[in-house]
Amino acid sequence: IITYCGSSKLHKRTQGKTLINMSIALIGMYLSYMVAANANDILNAENIRGDILCAFFGGLLYYFMLVYFMWTGLEAIDLYRKLVKVFGSSSNSGRIIIYGGIISWGVPLVIAVISVGAGHEYYVQYQFFCRP
């Protein structure tokens, strides 16, 4: 992320922006997984309601997984446009990142909120680890 953000040549391209967003989603997924995997230790150390903590981090893990898959799909669409369309014009590559960013970060948020809200009792099984 630091390399791509530091180099203007890399982060101006569509692939660079997509890679930065995919990396942010992976970092969020890894961090929420580490917290969810250590939920028993956290719950035993502090007096926090475990069901709320597990539902939150399980939903966060689910959200970042969906975001990563959406960015992977956007990368596939961009690759299709560039290769199958025989190196067509890339005049709207800025728009694909804007629209793709809104869709890739927004649609998983709606799905995760509906999923956790409708079935939060399935997220609170924290005997071993919090899971989506």
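See the structure printed just above.
Residues numbered from 1 in each chain as written. Predicted model: local features only at pLDDT ≥ 70, side-chain atom pairs only at ≥ 80, totals over all residues. Heavy atoms only, no water.

1. A few points about the overall build of the protein
Across its full length, the protein carries six helices and zero strands. In sequence order, the protein lays out its α and β elements as α-α-α-α-α-α. For the protein, the proportion of its 132 residues judged to be buried stands at 30%. A fraction of 72% describes how many contacts in the protein between residues 6 or more apart in sequence connect residues 24 or more apart. Here the protein has roughly 8,400 Å² of accessible surface; of this, 67% comes from carbon and sulfur atoms. (Helix = DSSP H or I, 4+ residues; strand = E, 2+ residues; numbered from the N terminus. Buried < 20%, exposed > 50% of the residue type's maximum accessible area, 1.4 Å probe, protein only. Contact = heavy atoms within 4.5 Å. Areas by Shrake-Rupley, 256 points an atom, 1.4 Å probe, with all protein chains shown as cover.)

2. Side note on the layout of surface pockets
Of the voids in this model, the largest pocket is the one considered here, and its volume is about 160 Å³. Around the largest pocket, the lining residues are Ala55, Phe56, Gly59, Leu60, Tyr63, Leu109, Ala112, Val113, Val116 and Gly117. For the lining of the largest pocket, the secondary structure elements donating two or more residues are helix H5 (50-83) and helix H6 (93-118). Residue composition of the lining of the largest pocket, grouped by class: eight nonpolar, two polar and no charged. (1 Å grid on protein atoms, 1.4 Å probe; cavity = no way out; pocket = protein on both sides within 12 Å on 5 of 7 lines; lining within 4 Å. Points joined across faces, edges and corners; volume = space filled by probe spheres on them. Nonpolar A, V, L, I, M, F, W, Y, C, P; charged D, E, K, R; others polar.)

3. Considering the side chain of Ser32
Along the chain, the position of Ser32 falls in helix H3 (residues 14-37). In this structure the side chain of Ser32 is engaged in a polar contact, spanning 3.1 Å, whose partner is the backbone oxygen of Met29. Discounting residues that sit within four places of it in the chain, Ser32 has contacts with Phe57, Leu60, Leu61 and Phe64. (Polar contact = N/O pair within 3.5 Å; in protein donor to acceptor, adjacent residues only side chain to side chain.)

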